[in-house]
Amino acid sequence: QVQLVESGGGLVQAGGSLRLSCAASGSIVSLNAMGWYRQAPGKQRELVALLTRGGITNYAESVKGRFTISRDNAKNTVYLQMNSLKPADTAVYYCYAHLIPYDYWGQGTQVTVSS
């Protein structure tokens, strides 16, 4: 069982930055992948960024060059640095972890970008 707790969401003006954190209940070294998804009102949940155990990253086209995913194994924490935020980035952001064959989700943190 993996528990994920997000923090760092909030309200920011367009062009601003936020850093999301996701703390896992145990070691993240053994996890196959960790990442971030988001869901805007009336839309499906979509992948934002993914980081595999081997260090491979995958980003949604809409955030490439603006968002960066990283991890601190010593703190069992994954981060999402979000720069140059746009109103279209407004959503609930969910931390995600995969440990074969299970998927785990955090409770979500709201990010609101005002124009």
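See the structure above.
The shown structure was predicted, so the numbers you read here are calculated from the model rather than taken from an experiment.

Trainee: Sorry, what's going on with the state of the cysteines here?
Mentor: Two cysteines whose sulfur atoms are joined by a covalent bond form what is called a disulfide. Enumeration over the complete set of coordinates arrives at 1 disulfide. Here Cys 22 connects covalently by a disulfide to Cys 95, the sulfurs 2.0 Å from one another. A torsion of -85° about the S-S bond marks the disulfide between Cys 22 and Cys 95 as left-handed. Of this pair, Cys 22 sits in strand S3 (residues 18-24) while Cys 95 sits in strand S9 (residues 91-99), and the two are 73 residues apart along the sequence. One exposure class covers both Cys 22 and Cys 95, and it is buried.

Trainee: Would you explain empty space enclosed by the protein in this entry?
Mentor: A probe matching the size of a water molecule, rolled over the atoms, marks out where space remains unfilled. The final tally for this structure, using the stated rule, is 1 cavity of 30 Å³ or more. Contributing to the lining of the largest cavity are Ile 28, Leu 31, Asn 32, Ala 33, Met 34, Leu 51, Thr 52, Arg 53, Arg 71 and Val 78. Residue assignment for the lining of the largest cavity shows that the elements contributing at least two residues are strand S4 (33-39) and strand S5 (46-52). Tallied by class, the residues present in the lining of the largest cavity amount to 6 nonpolar, 2 polar and 2 charged.

Conventions used here
Residues numbered from 1 in each chain as written. Predicted model: local features only at pLDDT ≥ 70, side-chain atom pairs only at ≥ 80, totals over all residues. Heavy atoms only, no water. Disulfide = S-S within 2.5 Å. Helix = DSSP H or I, 4+ residues; strand = E, 2+ residues; numbered from the N terminus. Buried < 20%, exposed > 50% of the residue type's maximum accessible area, 1.4 Å probe, protein only. 1 Å grid on protein atoms, 1.4 Å probe; cavity = no way out; pocket = protein on both sides within 12 Å on 5 of 7 lines; lining within 4 Å. Points joined across faces, edges and corners; volume = space filled by probe spheres on them. Nonpolar A, V, L, I, M, F, W, Y, C, P; charged D, E, K, R; others polar.

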